[in-house]
Amino acid sequence: MHSLTINIENELLVDKVVWLLSHFKNDGLEIVSNEEIEDLRLLSSTRNEETISFDEYMKNENRY
């Protein structure tokens, strides 16, 4: 898979570029914003963290 980053300052131009690129979605193009990528990275980094039960979480809710 190849990735391409496009930086656009003009909001109107952003809409036009996304509109143009959206025509290639059926060909396998995926459009992801930098904000979404950062959210996915943060979420992915928590994958191996230890989990606690909801009851345990609620016991410590007002602790801090």
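It should be noted that the structure appears before, not after, this text.
These notes cover the structure that comes with them. Remember, predicted model here, so these are calculated numbers, not experimental data.

## Observations concerning the overall build of the protein chain
On a plain count of helices and strands, the protein chain comes out with 3 helices and 0 strands. What you see in the protein chain, going N to C, is helices and strands ordered as α-α-α. Computed over C-alpha atoms, the radius of gyration of the protein chain comes to 19 Å, more than 25% over the 11 Å expected from 2.2 N^0.38 for 64 residues, which places it beyond the range of a compact globule. Considering only C-alpha atoms, the protein chain reaches an extent of 50 × 25 × 15 Å along its principal axes. Taken over 64 residues, the protein chain has a buried fraction of 0%. A total of about 6,900 Å² of accessible surface is found on the protein chain, and carbon and sulfur atoms cover 51% of it. For the protein chain, the distance from the average site of its 6 positive side-chain charges to the average site of its 14 negative ones is 3 Å.

## As for helix α1 (residues 11-22)
If you check α1, its first and last C-alpha atoms are 16 Å apart, about what 12 residues at 1.5 Å a residue would give, namely 16 Å. One side-chain oxygen at the N-terminal end of α1 lies 2.8 Å from the backbone nitrogen of Leu-12; it belongs to Asn-10.

Calculation notes
- Going along each chain's sequence as written, the residues are numbered from 1 onward.
- Totals for whole chains, interfaces and linings use all residues, but because this is a predicted model, local features are given only for residues with pLDDT of at least 70 and pairs of side-chain atoms are given and counted only at 80 or more.
- With hydrogens and water excluded, all non-hydrogen atoms of the structure serve as input to the side-chain values.
- Secondary structure is summarised from DSSP: a helix means a run of H or I of at least four residues, a strand means a run of E of at least two, and numbering begins at the N terminus for each.
- Each radius of gyration reported is based on C-alpha atoms, and the globular scaling rule is 2.2 Å times the count of residues to the power 0.38.
- Burial classes: relative accessible area under 20% of the type maximum marks a residue as buried, over 50% as exposed, and values in between as partly exposed (1.4 Å probe, protein chains only).
- Calculation of accessible area relied on Shrake-Rupley with a 1.4 Å probe; when residues are assessed, cover is drawn exclusively from the protein chains displayed.
- Charged-residue counts in this description rest on Lys and Arg as positive and Asp and Glu as negative, His and the chain ends being excluded.
- By convention, the charge on Lys lies at NZ, on Arg at CZ, on Asp at CG and on Glu at CD.
- Take the number of residues in a helix, subtract one, and multiply by 1.5 Å to get its expected span.
- Polar contact is defined as a pair of N or O atoms within 3.5 Å, subject to the rule that within protein one atom must be able to donate a hydrogen and the other to accept it, and that residues adjacent in sequence are counted only when both atoms are side-chain atoms.

These results come straight from atomic positions and should not be treated as a statement about function.
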